[in-house]
Every structure is written in structure tokens, then in C-alpha cells.
Amino acid sequence: MVFDFQLLLFIIVAAAFSNIVKAQPTSTPYEVKTCVVNFVGESCLTDLLPVANPIRYQTQPVTNPNACEDTVGQRGSLSFVDITLPTNQVLYVEVTSNVEGQENVGIDNFHVRPSRLTEPWGTPTVEFNLASFYIADTGQFSVEFASSDIWKDLQRAQTFDALMLFVNPPMDPIPSDAVLIEEDIAQFDNVGGGQLARTLGAGKYYFSAAQTYDWGQDVVYHVMDDTEVYFEQNSYVKARIIQTKQKVNNVLIRGYGVLDNAYPPTEYDIPGESDDGSRQAIHILGKNIEISGLSIVNTLKECGEFGYALNINANWAPVAVSPADSLGVFEAGELQNGNPPYKARPAHCQDFNMDDTQNTDFTNCPTSQNDGAKVSFVKAISWQMGQDGINAGKYGTVTDSFVRVVDDALKPWDSGAHYERITVWQLGLGWPINLGWWGWTQDDVGTSVENVYLIHNQNWMTSNDWPTTNSGQCVVGGVYGSSSVKSNYRIHNIFVETACSCAVGLEINKAAFSRHLTPEGCVGSIKNMSITNMFFDEEFFTGGATRTNNFLRGERNPGSLCTGDFEGKISDLTISGDVNGRPLSRIDFIVPGKFVGTVPNLVFESVTVDPPSTTTSTSTTSTTSSTTTTTTELPPTTTTTTTSTTTPITTTTTTTTSTSTTATSTPSNKVRVKIVIETPYDPTKVSWKVKIGSTNIVTGKASTMTSTNSGYETFVDLDAGIRYKFVVIDNNTIKDTFWEVLRGSNVLVDGDCNCRKEVKYFTL
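A brief structural summary. In this text, all values refer to a predicted model and were calculated from it rather than measured experimentally.

1. Side note on the pairing of strand β46 (residues 695-701)
With 5 of its 7 residues buried, β46 lies for the most part within the structure. As judged from the 6 bridges shared by strand β45 (residues 686-692) and β46, these two strands associate in the antiparallel manner. Bridged to tryptophan 688 within β46 is glycine 700.

2. Section: the pattern of salt bridges
Summed over the entire model, instances satisfying the criterion amount to 29 salt bridges. Between lysine 379 and aspartate 82 there is a salt bridge, and its shortest N-O distance comes to 3.3 Å. Linking lysine 379 in strand β24 (residues 379-381) with aspartate 82 in strand β4 (residues 77-84), this pair joins segments that are 297 residues apart in sequence. Overall, the relative accessible area of 10% leaves aspartate 82 in the buried class. Lysine 152 is the salt-bridge partner of glutamate 538, the closest N and O atoms lying 3.5 Å from each other. With a gap of 386 residues between them, glutamate 538 in the loop between β36 (530-536) and β37 (551-553) and lysine 152 in the loop between β9 (139-145) and α3 (154-158) connect regions that are remote in the sequence. Of the residues examined, lysine 152 reaches a relative accessible area of 33% and is grouped as partly exposed.

3. Topic: the environment of arginine 586
Along the chain, the position of arginine 586 falls in the loop between β40 (582-583) and β41 (602-605). The spacing of arginine 586 and phenylalanine 604 is 18 residues in sequence and 6.9 Å in space, taken between C-alpha atoms.

4. A few points about the sheet that holds strand β38 (residues 570-571)
The 4 strands lie next to each other as β29-β32-β35-β38, forming an open sheet whose pairing is parallel. A single partner strand is all that each edge strand has here, and the edge strands are β29 (443-445) and β38.

5. With respect to the sheet that holds strand β5 (residues 90-97)
Read across the open sheet, the 5 strands follow the order β2-β1-β5-β8-β7; overall the sheet is antiparallel. Unpaired on one side and paired on the other, β2 (49-50) and β7 (125-127) mark the two borders of the sheet. Alignment of β7 against strand β8 (residues 130-135), held across 3 bridges, turns out to be antiparallel. Paired with glutamate 127 across the bridge in β8 is leucine 130.

About the criteria used
Residues numbered from 1 in each chain as written. Predicted model: local features only at pLDDT ≥ 70, side-chain atom pairs only at ≥ 80, totals over all residues. Heavy atoms only, no water. Buried < 20%, exposed > 50% of the residue type's maximum accessible area, 1.4 Å probe, protein only. Helix = DSSP H or I, 4+ residues; strand = E, 2+ residues; numbered from the N terminus. Pairing = 2+ DSSP bridges. Salt bridge = Lys/Arg side-chain N within 4 Å of Asp/Glu carboxyl O.

Limitation: the analysis is restricted to geometry and does not speak to function.
As C-alpha cells, then:
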């Protein structure tokens, strides 16, 4: 995302800057020990040992953050470590926090997020400043000795000391014939003004953990056809990897190392080296590009230094012409507050050049997901605006990755892309899922985003004032100013855990600050998009803001030549969500009455209940059937009931405490299960819940169930094909509760916990 910085002076930064910057800890913020076991609940078979890899530690890198609005007030620290999980094994983890204020938080204020993934692995044990828990799959996990309420507190959220565990699958060893990349500065060429670069041709290369790759200035490595670059585990490289001068084929970048965009260019505006299209940590044009395992960080100390973490075939940038031709060096400012005609910048894989003449060279451009970019287990981390997350380009696939940035996190801006199993920690500004700004003219069809775990969405800090329309920075959206017509996007299963201001904030605007219009001055429409299964664990939180941020509006004043797909409408949009147990609905949204015609056929549906998706080692199945939905043609003067064959079963929330044990007929779509509770102590203090997500379906207490010789039992009827959460809470002083959920004689789940709370999942 690129902003008009003058418009951002309003941001809460001034208030945040008045806060005292936290003193750096005198010892390591966290200590992490692990062992490998065969299953959740098993004791360590070997000694519990400190993690083998170093725990990396970062604080706000900007030298004078009080004078830098681009940091949006972000302080605190981030500790992170790579851990390899052997195939079909489980990690037992012990974490000690040395951070002041993170002791004695108790089990209710300790979290390993994403909670939807970790809760089935059992209840953690927490004592003073030490917590232990199991991790049964790969992924990226935030370990938090803190109440969820701190994410509604501006100062505490901005100064939080975070710990991320990056749990990775085993990776093949570096090929024996790979050539070591030396740390010697003599390897580079001076490409102008002292800017250093080196081309890695066809072949295999690797960065060693034993070398110090820090030359005290910005350096660039260029990849070519058939270049393979490996990062030895624990290697740390202060450089960028770029190829924007030509489109390449077969590039592999792999390894559990760190690539740090640490220095500004020595000489700006060198095409293919330091122009705006090339100033990323990684930007590569071409096909068959694979990037896996890498942590991509940005520790630039200067304020306002632009540079995304990862771009593949960015749809807003040209092929870099080197040396610069008569048009001069490409600058992003050409697409900011500017209207056509645009300069005749050459496209790489876009359908049209920047001036909307036809692109005729599609050499080394992906044609399907088979040869599109593959990004997996990548971690993108930055600390100021203009340092966005991940864009995999046309037909790109991003899986099992993590983004923590102060700008747009995921950028699904191109046809045929797929983003899945992504964990996002959105800092104080930007959209977690941004739908586009200034893409050049081309069809943008059929991209999917699913199973995104938004563990924190701190953009509520600036959402009241940015953007300058009534739309907020929500989970999904943007101010769309692209000439690309976007259609048939599917965004599904978005899980939001803590404070969040809004779900969808989407506006199409030919006056968007960052924009690319057709020669006639038109902006593309967005058609047939579904944004479904958004689950918010808490009610929307706007930090005291007075406006409602969920917002939809198409282009208000299309030109006379802007017809059909270029009227800038948001048409046939389907939305479903659950906000702390209530449905997300039309009443949550502002669609300005004067412009309701710019958002035709808006539909709100009921959420489905899909199992949470884990990594590729676990398959999941969505259960769907038909139900009725309300189709609202704005304004909602009347409602029309129609049948939707894509809307899954609607479940009804009840507060029944128990169900009769009498053998009665069960509805054909229901399954009868028996719940058994055994406790030697006060049954009035043992309660249970059957939940779907955060919604209670049935609740009860042991004391209201039928008393038997072995304990207390009851029967409940539940919908078939649904994944349920079963929660047992024991508030006795001495905690000793055994419980079972049975279908007939088959035990679906059970537990025997000397703890206050236990959570497990079952599917009927």
C-alpha cells in the first residue's frame, strides 16, 4: 500500500509518541524448551532442551520513531524462532517469560494462537511465568502471557513483547554441489553510485550460517533461469533478491534462514536495482518460482523507506528498462493521484502495457497454477508503512505462511491465485486482505483466499481516520482504483480472534490515491465475489470511534464512456459472518442511500461450520446443504426468501441445560449423543457447553443432569455433519472431572483433567 502521507498526520501516532518508550530487557525476553513426543498427552521421551536455533529478537528499528509517522506508534518487541517438527510427531513446549508484567497471568489469560488450531491439543499448564503445552502440527504460533483485553488498549498493544514459534516441516538438505556464497564484498559489482549487485546465474548456491552477510550497505542478488539459492538453517543475510529486468524460469529460494532488507539503496532510481518496482526484499518476474521457509524481515532504520517483503510479478510495476530509456526511471508516483494517459511502460505478464497498449510478449509468464509461484512457510515481518506483506502474482499459491506488518498483509490482486492457511498479525495500519489499488488493465478472475487466522487486527487504531471515506480498514477490502475487472473471487473461513473494528470495507473509486484507470478514465467493477464464513470471537471494537466502518460503495460518478464492466460497481457480492455468536448482517453495513445502485444484488447468508484447516498433512471436508437466505436489494425495503444451494446447514443456538433421557424419536437430520460427567465434588460447579465456533448450542451443569451410579448424564440431539467444540469447566476448589461424549457405545471424545477448563472437538 502506498499512502498520501500528508493525509496521515491525523493518525494516533502523536498520542502514541507521547508514551515512554519501554526500556529494553536486560535478559532474553523468552526461554523456549522442547521435546518430541508421539502424541498429545505423552511425557517427554528425552530431556526437555532449549531450542537448537537462536531466538531472534527485534524491536522497532527506526532510529527516531518519535519523529516518524510511518511507524504508526508501533513499539514493543518480537522474538521468533524456527523449530522443525519431525513428520507424524508432536512437540511438547515449555516457555518461560522474562518480561515484566507477564507473570501470574493464570490459565484464562494465557493463549497460544491461532486458538482454533491449538485448542484441540489440550489445555496448557501455567505457573507464574512458565507455561507448557503441545503443538501437534506445523504452523506459526503466538505465545501470549496476556489477557485478550490488552488488544483494546492502544499503549499496551503497541508496546507488547511478542513471541512467535515458527514450527516447520523437515526440509531436504542443501545439495552437495551447491556453491558457497562468500561474505567477501569483492563479489559485487558497482552498478552506479556505489550500489552493489551480483548476478547468480544458472546453478546452485547457498548462504552459510557461519558467514556474516552484512556489508554495511544495501546489496542486491539477481537470479536468472535455473537459479537455486539455499539458506542454511540459522543463516542471516542483509540483502535483497531481485529480478525485474527480465522474466525468468525455474527459480528456487529455500531454507530456514533470514533475509533482512536492512539498508536503504546507496543510489536510488537505478532500473532493476533500486527503482520503485525493484525496492522489495524479494521481487521476481517469471514462472516456476518457488520460495519456501524463509523469514523476510525489514530492519531499515530510516523513516519512510518503501519496500514490500515479497512480490512475484507485481501487477502495478513494469519490466525495468536498463539503462533507463527516454521515459526515465519508473516511479510509483506515476500511479498516485494521476490520470491517463500514462507512460508507455512495458508490461511483464500483464495483458496490457501501462498505457493500455497490448502486451505481446508473454515469454516466461505463468499460464496456470502449475507454473505459477509457490510460496510456503514464509514469514514476512516489518515495522513501518510501505513495507507490505505477500503478493504471489497471477496463478501464485501461498500456503502455511505468516505476515506481521504495518501495512497490507495479503495482496490477492491477480487471476487464479490461491492463499490458504495463513496466520496474520495486522499491526496498526493496513488491510489483512487487501483487494487491490493500482493494477494495470487485465482480467482478474477466480482467486481464492481461505483459512486465514487473523490472531490480531490492530488497524482499529487508525481505522476511524483512514481511509478518508466512511469505510474503515477492515479485515477485507480497500479503496479499489484499478482498471482490472475483478470477478469470481472466493474468500472463505476467516477467523478473527481479538479486537477488530469491522469485517468488510470496500469502495471502488476512480479518484483513489493509488490508481490505474482505463484510457477513458474508468475503473473496473468487482463481480460475483463471496466473502463467507468470517468468524469474530469478539464484538466489533472501534476504540471509541463514532462512525461505523463496515462499508460498501461502488464508483459514484462513472464517465459517459464507462459502461458495462467499467461502471465500477460491486455486484453480486455474498457475505456471511458470525460476530461473537450473532450473524453479520445488512444492518452492520453502511451503503450510502444515494449510491445503493452501485452495490446491486448484495446477499447475506448464514455461516457454515467447516472444520479448521491445518497444514497440508491434514485434510478437511466442508459440509454443505441447501437452506434459505435473505436476498437484500438495497435499500432493504422488502426481503425476498430464496433458496441457496450453496449455503450450508443453518444451526440454531439454544440455552437448554439438559435433554430428557427418555428414548424418543430423533429427527432424521439429528444425531443423539450422550454426555457423561463424573466428579467426586460439587456438581453445581461443573458446567459444560457444546459450541460451534464461539456460539453456544447446548449448555448445562452436572447438577441438572440425570444422576446415575457412575455420575451424571444427559442426551442431546445435534445436527449431523457438523464439527462441534465441547467445553468442560470445573470451578471446584479441588478439580477432578472425568467426562465423555458418546454416540451409542462409541466414545467421540473424552477427558480426565485436573484443570479448570478442557476443550475438545468432535464431528458427527
